[in-house]
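Analysis of the macromolecular model
Given next are the chains, with one letter for each unit.
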Amino acid sequence: MICSYLSLAQLDVPAQLVAAELAKLESYLSNQSLPAVRWQYQIPELGEGGACSLFGYLQDEPFKLTDFLPQDQHTTQKLAQLQLVVDYVVAQTKVDWYGIYQSTLTPEGGQLLKLAYFGAPSRALFPLTDAFAAGSNNVQVALSSKGRVINNVEQYLAAGGEYYTCDPKVKSEACLPLFDSAHRCVGIVDGEAFNNDFFNQQTLALLIACCIKIPHFLV
């Protein structure tokens, strides 16, 4: 399972590190009460053409997950388990932003839908298109099924890399795919930090352990 994930996502992290983190995660999840579910949250205004967010400017109306998901007991429990994973990642790593997204079919087409997160307000939906992937790590990872780790955003941009900037304080980002039992990419996780070189092998092992567990809780 671990080796399969590492191969599919093309990530070079020792499997034994991931196994140790997965054991700790599973112990945590089995011994914690489920948190409350956030069914709506604030999102930023979008820039011209909707390609990027206007940092610091929030839309008047909150984004409502109930517009895309049923507010029933099954879904509520799944979302609570996802939020528990988010809480664990934040507590263990002190990451500044972390979110879990699921690939979802909407009237506008396939999109990444943000199900649970920690950090500053950010957009809730990412169009799963090649055009949007050109400047979005989230969509690029979802379409390619390959993980992306950028430990120095400024250096990456200076070298000509495309980057979707939501929060200008972000210095490092790790975006990793989520796979179902048929090895199809069904979503992503995204972590952001305000320091360079944040996503070392140990931190990535923890995030990968979560990626192995999260698909069981997708809705």
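See the structure printed just above.
Residues numbered from 1 in each chain as written. Predicted model: local features only at pLDDT ≥ 70, side-chain atom pairs only at ≥ 80, totals over all residues. Heavy atoms only, no water.

**Remarks on the packing of helix α2 (residues 15-30) against helix α3 (residues 73-93)**
- Interhelical geometry of α2 versus α3 gives an angle of 125° and a closest axis separation of 11 Å. In terms of orientation, α2 and α3 fall into the oblique class. The interaxial crossing formed by α2 with α3 has right-handed handedness. Between α2, through E21, K24, L25, Y28 and L29, and α3, the contact on the second element is made entirely by L84, V85, D87 and Y88.
- Classifying every residue of the contact of α2 with α3 gives six nonpolar, no polar and three charged. (Axes fitted to C-alpha atoms, helices over the stretch in contact; angles between N-to-C directions. Helix = DSSP H or I, 4+ residues; strand = E, 2+ residues; numbered from the N terminus. Parallel < 35°, antiparallel > 145°, perpendicular 65-115°, else oblique. Left-handed = near helix turned anticlockwise from the far one by under 90°. Contact = heavy atoms within 4.5 Å. Nonpolar A, V, L, I, M, F, W, Y, C, P; charged D, E, K, R; others polar.)

**Regarding the pairing of strand β9 (residues 172-179)**
- Across the eight residues that make up β9, a large majority, eight, are buried.
- The side-chain alternation of β9 yields two buried faces, one formed by S172, A174, L176 and L178 and the other by E173, C175, P177 and F179.
- In this sheet, β9 lies alongside strand β8 (residues 148-150) in antiparallel orientation, the contact comprising three bridges. Directly across from V149, in β9, lies its bridge partner A174.
- Of the pairings in the sheet, the one linking β9 to strand β10 (residues 185-193) comprises eight bridges and is antiparallel in character. Note on β10: the bridge partner recorded for L176 is V189. (Buried < 20%, exposed > 50% of the residue type's maximum accessible area, 1.4 Å probe, protein only. Pairing = 2+ DSSP bridges.)

**Details of the nonpolar core**
- By size, the foremost hydrophobic cluster in this structure holds 66 residues, and its most contacted members are Y98, I100 and I214.
- Here the element with the most residues in this core is helix α7 (residues 201-213); it accounts for nine residues.
- When neighbours within four sequence positions are excluded, I214 is seen to be in contact with L82, V85, Y98, I100, L178 and V189. (Core = buried A, V, L, I, M, F, W, Y, C linked by side-chain atoms within 4.5 Å.)

**Let's talk about the pattern of salt bridges**
- In the structure shown here, the tally under the stated rule is three salt bridges.
- Of the charged contacts, one joins K24 and E21 as a salt bridge, the two residues approaching to 3.2 Å between their closest N and O atoms. Note that K24 and E21 are positioned in helix α2 at a spacing of three residues, about one turn of the helix.
- A salt bridge links R184 to D180; its shortest N-O distance comes to 2.8 Å.
- Residue R184 is classed as exposed on the basis of its relative accessible area of 54%. (Salt bridge = Lys/Arg side-chain N within 4 Å of Asp/Glu carboxyl O.)

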